[in-house]
Amino acid sequence: MPIQTHAIADEPGIAAYALTSCHYGSSGRGKKAYIQASLHADEVPAMLVAHVLRRELERLDAAGRIHGEVILVPAANPIGLSQLVHGTPFGRFDLGTGINFNRDFRHVAGELAANLAGRLGSDAARNVATIRAAARAAVDRWDVSGATAVLKKTLLSMAIDADVVLDLHCDNEALLHMYAGTALAARAEPLAALLGARALLLSGASGGEPFDEACSRLWWDLAAHFGPAIPIPPACAAITVELRGEMDVRYDYAERDAQALLRYLAHEGVLDLPPAAAPDALCAATPLEGVEPLYAPQSGVLVFLKALGDQVLAGEAVADLVNPVSGATTTLRAQRGGLLFASTAHRHLLRGMQVCKLAGATPFRSGSLLSQ
């Protein structure tokens, strides 16, 4: 099992960062899967899942049961892992730029639309191979400066040509849930069932250029650009998996989640595993545009009146905010309702902070759909 070390910053006299990737199977033989953990470095559960995956992938590789190639990045953000603010880990935003580590990845569809004119035809498989080669070249041409940009380019260069991309995160407090492109619904649903996800949130473009969409959205953007005469399937199933909440770091969860991910790779034809009955899905896919975020209208102590997993009806009370000085209490109510699937772990909020998210079935939002 080759281990590769990628220099992210190595100038003398400054902090040095290196990224480690683990490679299993054979490149160019069969499908390719890419898995990364904790791009937001303070989202720790994913790194424990990657620890279990590494053990299992080493065993499967030694037994010759990897049909193609699997790349595992067990800790995707060495920069964020080194960041502390007053003793507290801070891995969601780059302290040097203020930019979210899971935003501003290069979206190459526009460049490829120009470069591939006249080079695609009626053979879908050949189109996929041509697009993947062009995408690799486009990422290689990405001119970056600064360690965080180098990190993003390094990660994307390993994933841009994969058949399956699994980006493992977690929320503040949450049920297990997932994000994927609308065009990937049929490929994401088996993973949602295997993981026991409580929400599968779909969108064509969520805004901000997150990592998963940098890998997958180019396919449906190019299909729309070239039209139905040029068959271009959604060839990369890039899925963001939110592994519950930040404090859900447990061996039993990690073992269960890792086994589900491995079974999904077997379903996708990457691994040779004994067939097993698929579990019943715990949710139906819903649009990311149907997620209702609730925000604090005043500062105060947060008291939840609903719990994670509750179905909230329009108009129902979700939480109270109690100002301990003035005594003013404001009740937050759902406007549209849905499954309460994620919430803040903080219990004193300032005005404007996010309280929770409800997954509804009816789209109503547009523009940037993700939390910052």
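Residues numbered from 1 in each chain as written. Predicted model: local features only at pLDDT ≥ 70, side-chain atom pairs only at ≥ 80, totals over all residues. Heavy atoms only, no water.

*Asks:* Describe the overall build of the protein, with residues and values.
*Replies:* Helix and strand counts for the protein stand at 8 helices and 20 strands. Computed over the C-alpha atoms, the radius of gyration of the protein is 21 Å, within 12% of the 21 Å expected from 2.2 N^0.38 for a compact globule of 372 residues. In terms of overall dimensions, the protein has a C-alpha envelope of 65 × 55 × 45 Å along the principal axes. Counting all 372 residues of the protein, 50% fall into the buried class. (Helix = DSSP H or I, 4+ residues; strand = E, 2+ residues; numbered from the N terminus. Rg over C-alpha atoms; globule rule 2.2 N^0.38 Å. Buried < 20%, exposed > 50% of the residue type's maximum accessible area, 1.4 Å probe, protein only.)

*Asks:* Help me get a handle on the packing of helix α6 (residues 185-195) against helix α8 (residues 251-267), residues and values and all.
*Replies:* Two numbers describe how α6 lies on α8: the axes approach to 9 Å, and their chain directions differ by 150 degrees. In terms of orientation, α6 and α8 fall into the roughly antiparallel class. Considering only the axes of α6 and α8, their crossing is right-handed. Counting all contacts with α6, which are made through R187, A188, P190, L191, L194 and L195, the residues of α8 involved are D257, A260, L261, R263, Y264 and H267. Residue classes in the contact of α6 with α8 are distributed as 8 nonpolar, 1 polar and 3 charged. (Axes fitted to C-alpha atoms, helices over the stretch in contact; angles between N-to-C directions. Parallel < 35°, antiparallel > 145°, perpendicular 65-115°, else oblique. Left-handed = near helix turned anticlockwise from the far one by under 90°. Contact = heavy atoms within 4.5 Å. Nonpolar A, V, L, I, M, F, W, Y, C, P; charged D, E, K, R; others polar.)

*Asks:* Describe the sheet that holds strand β19 (residues 348-349), with residues and values.
*Replies:* Pairing is antiparallel across the open sheet formed by 4 strands, whose spatial order is β17-β16-β14-β19. The strands lining the two open edges of the sheet, one partner per strand, are β17 (329-333) and β19. As judged from the 2 bridges shared by strand β14 (residues 300-304) and β19, these two strands associate in the antiparallel manner. From the neighbouring strand, G300 faces β19, where its bridge partner is L349. (Pairing = 2+ DSSP bridges.)

*Asks:* Describe the nonpolar core, with residues and values.
*Replies:* Residues L53, L166, L168 and M178 are the most contacted members of the largest nonpolar core, which totals 46 residues. For L166, the contacting residues outside a window of four places in its chain are Y34, I35, Q36, L191, I239, L261, Y264 and L265. I8, A134, A162 and C236 belong to the second largest nonpolar core, which has 42 residues in total. (Core = buried A, V, L, I, M, F, W, Y, C linked by side-chain atoms within 4.5 Å.)

*Asks:* Give me the packing of aromatic side chains: which residues, what numbers.
*Replies:* Enumeration over the complete set of coordinates arrives at 3 aromatic pairs. Between Y34 and F211, the ring centres sit 5.9 Å apart and the planes meet at 40 degrees, which makes this aromatic pair tilted. One end of the pair, Y34, is in strand β3 (residues 32-37); the other, F211, is in helix α7 (residues 211-226), with 177 residues separating them in the sequence. Of the residues examined, Y34 reaches a relative accessible area of 0% and is grouped as buried. An aromatic cluster of three or more residues is present, and its members are Y34, F105 and F211. In this structure, K152 packs its charged tip against the face of F105, placed 5.7 Å from the ring centre. (Phe/Tyr/Trp six-rings, centres within 6.5 Å; stacked < 30°, edge-to-face > 60°. Lys NZ or Arg CZ within 6 Å of the ring centre and 35° of its normal.)

*Asks:* Residues and numbers for the layout of surface pockets, please.
*Replies:* Here the largest pocket defines a volume of roughly 1200 Å³. Lining the largest pocket are 50 residues; nearest its centre among them are R92, D171, K357, S371 and Q372. Grouping the amino acids of the lining of the largest pocket by side-chain chemistry returns 22 nonpolar, 17 polar and 11 charged. Reported here for the second largest pocket is a volume of approximately 260 Å³. Together, 16 residues line the second largest pocket, and L194, R263, A266, H267 and A276 are the ones closest to its centre. For the lining of the second largest pocket, the elements supplying multiple residues, two or more each, are α1 (45-62), α6 and α8. The biggest single contributor to the lining of the second largest pocket is α8, with 5 residues. (1 Å grid on protein atoms, 1.4 Å probe; cavity = no way out; pocket = protein on both sides within 12 Å on 5 of 7 lines; lining within 4 Å. Points joined across faces, edges and corners; volume = space filled by probe spheres on them.)

*Asks:* Break down the pairing of strand β16 (residues 317-322) for me, citing the residues and quoting the values.
*Replies:* Among the 6 residues in β16, 5 count as buried, and that is most of the element. One ladder, built from 4 bridges, connects β14 with β16; its direction is antiparallel. Bridge assignment links F304 to a residue of β16, and that residue is A319. Two elements, β16 and β17, share 5 bridges in a ladder whose sense is antiparallel. The residue of β17 that forms the bridge with A317 is R333.

*Asks:* Could you give me a rundown of the side chain of T286, with the residues and numbers involved?
*Replies:* Tracing the chain through its elements places T286 in strand β12 (residues 285-287). Leaving out residues up to four positions away in the same chain, T286 has contacts with L200, L201, L202, A359, G360 and A361.

*Asks:* Give me the lowdown on empty space enclosed by the protein, citing residues and values where you can.
*Replies:* Taken as a whole and judged by the stated rule, the model has 1 cavity of 30 Å³ or more. One number sums up the size of the largest cavity: a volume of about 50 Å³. Lining the largest cavity, in full, are P45, L48, V49, L243, R244, D248, V249, R250, Y253, A254 and D257. When contributions to the lining of the largest cavity are tallied by element, the ones reaching two or more residues are α1, β11 (237-245) and α8. The residue makeup of the lining of the largest cavity, split by class, is 7 nonpolar, no polar and 4 charged.

*Asks:* Which residues make up the pairing of strand β4 (residues 69-73), and what values do they have?
*Replies:* Judged by how many residues are buried, β4 sits mostly within the fold: 5 of 5 residues are covered. Side chains of β4 alternate between two faces, with E69, I71 and V73 and V70 and L72 buried alike. By the bridge criterion, 4 bridges tie strand β2 (residues 17-25) to β4 in an arrangement that is antiparallel. Residue pairing for β4: G25 is matched across the bridge by E69. The parallel pair β3 and β4 is bridged by α1, and the resulting crossover is right-handed. (Right-handed = clockwise from strand over helix to strand, strands pointing away.)

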